[in-house]
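What the coordinates show
So you can see what is in the structure, the chains are spelled out below.
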Amino acid sequence: MLALIFSLLLGPIMAVLFFVYMKYRFPKGYFGLLFRSYFWGVFSIVIAASFFYIAYIQGYLELKNLRRILFYSFFVIGFGQELGKFIVLRYLMLPHKLFRNPSDGITYSLMISFGASTAVNIGSLLIYPQVDVSILIANVLVGMVYAVVMGFFVGMGKIRNNRLIDSLSGLFGAAFFHGSFEFIIQTDDQLLIWPFLIGSGIMTFLLIVKSIQISDEMS
């Protein structure tokens, strides 16, 4: 029971910890946009819920074969969930003057992800009461990988002229990693989980380092 409660509170806890860190790092900063990112992240799952519902009424949630598992993992879950977060980041956060570079993109994308993960975990528990708690926890933690990918590339679009290409790179990159993780869960392939975690962890670290370098150069 405690593990279940923790899994449901992990999204808000991560958001609070991240806010405290940002407040410590930038004591004179403005954090209104950061708050809005989290709450818009919660509402972003309306898009994901729509994808899920359409797949349900069409019978595509009956994962009878590999083709259906791939469709469910990469389109219904991966693309469906990331599209909602992308709309928030690209059309509500990006136009703001405080959003200046890839570091800002990652910052707001992480908060959106924590909000979305909070809502997704609650929804998952309501739909599947027997859901594995470890999956709920993973939704929050691994979701940071998708957030960094999307935030970095959408943020690059702020400082370059090819905003469309950068934005789509962020969307489809995040959807690919999200879909890959969901595919691993659905197939219960233990041989793939560690290469995925190690590879995505390294890539996330490199993108964060690169975003910091760009931010320092712009300063």
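In this report, we go over the structure that sits alongside the text. (Residues numbered from 1 in each chain as written. Predicted model: local features only at pLDDT ≥ 70, side-chain atom pairs only at ≥ 80, totals over all residues. Heavy atoms only, no water.)

1. Let's talk about the overall build of the chain
On a plain count of helices and strands, the chain comes out with nine helices and zero strands. Walking the chain from its N terminus toward its C terminus, one meets helices and strands in the order α-α-α-α-α-α-α-α-α. In summary, the chain has a C-alpha radius of gyration of 17 Å against a globular reference of 17 Å for 219 residues, a match within 12%. Projected onto the principal axes, the alpha-carbon positions of the chain cover approximately 55 × 40 × 30 Å. Taking the contacts inside the chain whose residues are at least 6 apart along the sequence as the reference set, 77% of them involve residues at least 24 apart. For the chain, the accessible area works out to roughly 11,800 Å², and carbon and sulfur atoms hold 70% of it. For the chain, the centre of its 15 positive side-chain charges and the centre of its 10 negative side-chain charges are spaced 13 Å apart. (Helix = DSSP H or I, 4+ residues; strand = E, 2+ residues; numbered from the N terminus. Rg over C-alpha atoms; globule rule 2.2 N^0.38 Å. Contact = heavy atoms within 4.5 Å. Areas by Shrake-Rupley, 256 points an atom, 1.4 Å probe, with all protein chains shown as cover. Lys, Arg positive; Asp, Glu negative; His and termini not counted. Charge placed at Lys NZ, Arg CZ, Asp CG, Glu CD.)

2. Thoughts on the packing of aromatic side chains
Counted according to the given criterion, the structure contains 18 aromatic pairs. The interplanar angle of 40° and the centroid separation of 5.0 Å between the aromatic rings of Phe19 and Phe35 together place this pair among those described as tilted. Within this pair, whereas Phe19 is found in helix H1 (residues 2–25), its partner Phe35 is found in helix H2 (residues 32–43), the two being separated by 16 residues in sequence. You can call Phe19 partly exposed: its relative accessible area is 22%. Consider the rings of Tyr60 and Phe71, whose centres lie 5.2 Å apart with planes at 50°: the pair is tilted. Of this pair, Tyr60 sits in the loop between helix H3 (45–57) and helix H4 (66–93) while Phe71 sits in helix H4, and the two are eleven residues apart along the sequence. A residue is classified by how much of its surface remains accessible, and Tyr60, at 37% relative accessible area, is partly exposed. (Phe/Tyr/Trp six-rings, centres within 6.5 Å; stacked < 30°, edge-to-face > 60°. Buried < 20%, exposed > 50% of the residue type's maximum accessible area, 1.4 Å probe, protein only.)

3. Topic: the environment of Thr187
Relative to the helices and strands, Thr187 is located in helix H8 (residues 163–187). Remark: the alpha-carbon pair of Thr187 and Leu70, spanning 117 residues in sequence, is separated by 9.9 Å.

4. Here's the deal with the pattern of salt bridges
In total, this model carries four salt bridges according to the counting rule given. Here Arg100 ties to Asp104 by a salt bridge, and the two come within 3.9 Å at their closest N and O atoms. Here Arg160 and Asp166 are joined by a salt bridge, their closest N and O atoms 2.5 Å apart. The class of Arg160 is partly exposed, set by a relative accessible area of 38%. Taking the relative accessible area as the measure of exposure, Asp166 reaches 3% and is therefore buried. (Salt bridge = Lys/Arg side-chain N within 4 Å of Asp/Glu carboxyl O.)

5. With respect to helix H9 (residues 190–218)
Between its first and last C-alpha atoms H9 spans 43 Å; for 29 residues at 1.5 Å apiece the expected length is 42 Å, and the two agree. What H9 keeps buried is the set Ile193, Phe196, Ser200, Thr204, Leu207, Ser211, Ile214 and Ser215. Buried residues along H9 sit against helix H5 (102–127), helix H7 (143–159) and H8. Residue Asp189 occupies the N-cap position of H9, its side-chain oxygen lying 3.0 Å from the main-chain nitrogen of Leu191. (Expected span 1.5 Å × (residues − 1). Polar contact = N/O pair within 3.5 Å; in protein donor to acceptor, adjacent residues only side chain to side chain.)

6. A look at the environment of Leu10
Among the secondary structure elements, Leu10 is positioned in helix H1. Assessed through its relative accessible area of 5%, Leu10 is described here as buried. As a C-alpha pair, Leu10 and Arg163 span 153 residues in sequence and 33 Å in three-dimensional space. Those residues in contact with Leu10 that sit more than four places away from it in its chain are Ile137, Val140 and Leu141.

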